[in-house]
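Structure assessment
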Amino acid sequence: SWISDPLFCGTYSFPTMKSRFPEDIKTFAEPLGDDCVLFAGEATSELGYSTVHGARWSGVREAERIINKHDG
């Protein structure tokens, strides 16, 4: 169960009082290097921040980024 998993404890990302939206989310989603390190997860989703569907959408986004890079 998600809520009882000792590695997660049912957590999700949440903004602080100093957060800047949507700039922070866009920054979290930017690849590092020459698209060598990609980030997915609900904290990187402008459409679904703090949601399971946001995590899924961000995974699809990064999968498409990989496909587009290799189809080039």
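As a starting point, this report considers the structure included with it.

1. Some details on the packing of aromatic side chains
On inspection of all chains with the given rule, the structure shows one aromatic pair. Ring centres 5.4 Å apart and planes at 80° place the aromatic pair Phe21 and Tyr49 in the edge-to-face group. Remark: Tyr49 occurs in the loop between α1 (23–29) and α2 (52–71) and Phe21 occurs in the segment before α1; sequence separation between them is 28 residues. Under the relative-accessibility criterion, Tyr49 is labelled partly exposed at 21%.

2. Side note on unusual backbone geometry
Of all residues except glycine, most have a negative phi; of all peptide bonds, most are trans. Of note, the amide linkage connecting Phe21 to Pro22 takes the cis form, showing an omega dihedral of 0°. With respect to the element layout, Pro22 can be found in the segment before α1. Even without glycine at this site, Asp35 takes up a positive phi of about 55°. With respect to the helices, strands and loops of the structure, Asp35 is situated in the loop between α1 and α2. Classification of Asp35 by relative accessible area gives partly exposed; the value is 32%. The backbone of Ser50 sits at a positive phi, close to 65°, despite the residue not being glycine. Inspection of the secondary structure puts Ser50 in the loop between α1 and α2.

3. Here's the deal with the environment of Trp57
Looking at the secondary structure, you find Trp57 in helix α2. Taking the relative accessible area as the measure of exposure, Trp57 reaches 38% and is therefore partly exposed. Measuring from C-alpha to C-alpha, the distance between Trp57 and Pro31 comes to 16 Å, with 26 residues separating the pair along the chain. Residues within four places of Trp57 in sequence aside, it is in contact with Ser45, Leu47 and Gly48.

About the criteria used
- Residues numbered from 1 in each chain as written.
- Predicted model: local features only at pLDDT ≥ 70, side-chain atom pairs only at ≥ 80, totals over all residues.
- Heavy atoms only, no water.
- Phe/Tyr/Trp six-rings, centres within 6.5 Å; stacked < 30°, edge-to-face > 60°.
- Helix = DSSP H or I, 4+ residues; strand = E, 2+ residues; numbered from the N terminus.
- Buried < 20%, exposed > 50% of the residue type's maximum accessible area, 1.4 Å probe, protein only.
- Contact = heavy atoms within 4.5 Å.

Any link to function would need more than the numbers given here.
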